[in-house]
Amino acid sequence: MFDKILIANRGEIALRILRAAKELGIATVAVHSTADADAMHVRLADESVCIGPPAARESYLNIPSIIAACEITGADAVHPGYGFLSENARFAEVLAHHNIGFIGPKAEHIRVMGDKIEAKRTAKRLGIPCVPGSEGGITDPEEAKRVAAEIGYPVLVKAASGGGGRGMKVARTEGDLEQALTMARTEAKAAFGDDAVYLEKYLTKPRHIEVQILGDGRGGAVHLAERDCSLQRRHQKVWEEGGSPALDAAMRAEIGGICANAMRQLSYLGAGTIEFLYEDGQFYFIEMNTRIQVEHPVTEMITGIDLVNEQIRVAAGGGLSVVQEDIRVEGHAIECRINAEHPATFRPSPGLITYFHPPGGLGVRVDSAAFQGYRIPPNYDSLIGKLIVHGRTRNECLMRLRRALDEFVVDGIDTTLPLFRTLVRNADVQNGDYDIHWLEDFLAREGLSETDPKR
Ligand code: MV4
């Protein structure tokens, strides 16, 4: 097992990793920018190192500084959390070169899944169902037309290096296709420095359902059911729940089994998420994330398994603490991402938290690094905490969530708490009757999404 873990992240996920390390008796090192000198993750860690100025590029993304912090403190492994360097294959390789463990997947698997074309090719080979589309990249408009005619319109042009919906264009008819191809390639080149694109059948009303997996890196892997993350705004998840209101136990076991089997074939190491669109009873692979995700507590609440603990164990070569037969879904969990943003304009609202009172009670979990007197810096994402609620049934979970949201007080800044108080009382949400477009349609309908310039 590792003796000392350096946490190359900040905010609530840095605390989450600290907690797992402490329970394992592993010493912890926090790194921080000058903007985060007073942050909770710095206070709770055994040691801390300042690694640069507020801009993430010069601190949390600065590989030489993080390596230096490992050498100064004698940390023998790094946990990258999510975002920042978590899906940077080169970072994993540089750490290995310095004989420092990376608490994450093998570099080759990070690299393959980072290229959406390679990821899809790999998924297909491993027996995961994929969206019908081009075999590999597309550059020639005539080839695009041939593929589109075969799969049928509407089609979607997607960037190979894509993320956050950038470099994605729908073509409703053949007449739209050439322009969609050009626009997607131009946008992809500008955003990612890579103009490789591919073509898929455009699914018009899917749900976003993702399967959590864990691999031991030597041919063992399990699945931990799914999360439904369909409620998103501008490709930012807002509300996540598990299990999906759209699935039953047999469907869960089937798609989970397919995913675990694929990960065994890869000898995948660590935590991962296989993302699907789900429409008319069919699953279609879109991407794989090779990191712990923001919404991982949903899975922890319904399975009782500590995903970060498992990540650390397998990274140290210790194997998983569970086999598939031990993993059972108990009840239902919902996570609300509480952002420091105006609940209608979604404009970021950094500043001083003058009062902070998180809810408690049975089945209520708050993962947050915020506290009364904390000043949210303007330099990073606006997530200030996650409220995760568990119940024996989805209805009990919703009742408990309504109560917990009413108890939660954050003063001094705007937060998205009022949006959640509305959502939890909405009939479609209560019925689980939503797809990936539901939230944006709802916000437009209710006049809750005042468009703010250039965001
Ligand atoms: C799609 C799709 C429809 N059909 N692919 C959005 C970002 C990237 N992660 C994949 N995305 C989509 N891929 C096909 N073939 C619709 C989306 C999509 C979406 C997906 C998940 C959650 C929210 C979304 C919002 C808009 C579009």
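Residues numbered from 1 in each chain as written. Predicted model: local features only at pLDDT ≥ 70, side-chain atom pairs only at ≥ 80, totals over all residues. Heavy atoms only, no water.

## Brief notes about the side chain of K386
Within the fold, K386 resides in strand β19 (residues 383-391). Given the relative accessible area of 0%, K386 is considered buried. Only 3.0 Å separates the side chain of K386 from the side chain of E12, close enough to count as a polar contact. For K386, the contacting residues outside a window of four places in its chain are E12, V294, H296, P297, E335, C336, R365, V366 and D367. (Helix = DSSP H or I, 4+ residues; strand = E, 2+ residues; numbered from the N terminus. Buried < 20%, exposed > 50% of the residue type's maximum accessible area, 1.4 Å probe, protein only. Polar contact = N/O pair within 3.5 Å; in protein donor to acceptor, adjacent residues only side chain to side chain. Contact = heavy atoms within 4.5 Å.)

## Quick word on the site of the ligand
Among the 15 residues in the neighbourhood of the ligand, the closest are listed as K158, E200, K201, L203 and E287. Contact between the ligand and K201: a nitrogen atom at 2.7 Å from a main-chain N or O atom of the residue. Here a nitrogen atom of the ligand sits 3.0 Å away from a polar atom, N or O, in the main chain of L203. Burial of the ligand by the protein amounts to 90% of the accessible area it has alone, namely 530 Å². Those elements that provide at least two residues to the shell around the ligand are β6 (155-159), β8 (197-201) and β13 (282-289). Each residue belonging to the shell around the ligand can be placed in one class, and the counts come to 8 nonpolar, 3 polar and 4 charged. When we break the shell around the ligand down by domain, the ones giving at least three residues each are domain 2 (132-201) and domain 3 (207-446). (Near = heavy atom within 4 Å. Areas by Shrake-Rupley, 256 points an atom, 1.4 Å probe, with all protein chains shown as cover. Nonpolar A, V, L, I, M, F, W, Y, C, P; charged D, E, K, R; others polar. Domains from an automatic or database assignment.)

## Some remarks on the sheet that holds strand β2 (residues 27-33)
Backbone hydrogen bonds hold the strands of a sheet together, and the pairing may be parallel or antiparallel. Strand order in the open sheet formed by 5 strands is β3-β2-β1-β4-β5, with parallel pairing between adjacent strands. Of all strands in the sheet, those with a lone pairing partner are β3 (47-52) and β5 (101-102), marking the two edges. Summarising the sheet, strand β1 (residues 4-7) and β2 pair through 4 bridges and their orientation is parallel. Residue I7 lies in a different strand from β2, and its bridge partner there is A30. The strands that helix α1 (residues 11-23) touches are β1, β2 and β4 (77-79); relative to β1, the one it contacts most, it runs at about 175 degrees. (Pairing = 2+ DSSP bridges. Axes fitted to C-alpha atoms, helices over the stretch in contact; angles between N-to-C directions.)

## A closer look at the pairing of β2
Most of β2 is tucked away: 6 of the 7 residues are buried. With respect to chirality, the unit in which β1 leads through α1 into the neighbouring parallel β2 is right-handed. By the bridge criterion, 5 bridges tie β2 to β3 in an arrangement that is parallel. Note that in β3 the partner of H32 across the bridge is C50. (Right-handed = clockwise from strand over helix to strand, strands pointing away.)

## Notes on the environment of N88
Mapped onto the elements of the fold, N88 is located in the loop between β4 and α4 (89-97). Along the primary structure N88 and R111 are separated by 23 residues, whereas in three dimensions their C-alpha atoms are 7.7 Å apart. Those residues within four positions of N88 in sequence are excluded, and the remaining contacts are I63 and I110. Of the polar contacts made by the side chain of N88, one reaches the backbone nitrogen of R90; its length is 3.0 Å.

It is worth stressing that arrangement in space is one thing and function is another; only the former is reported here.
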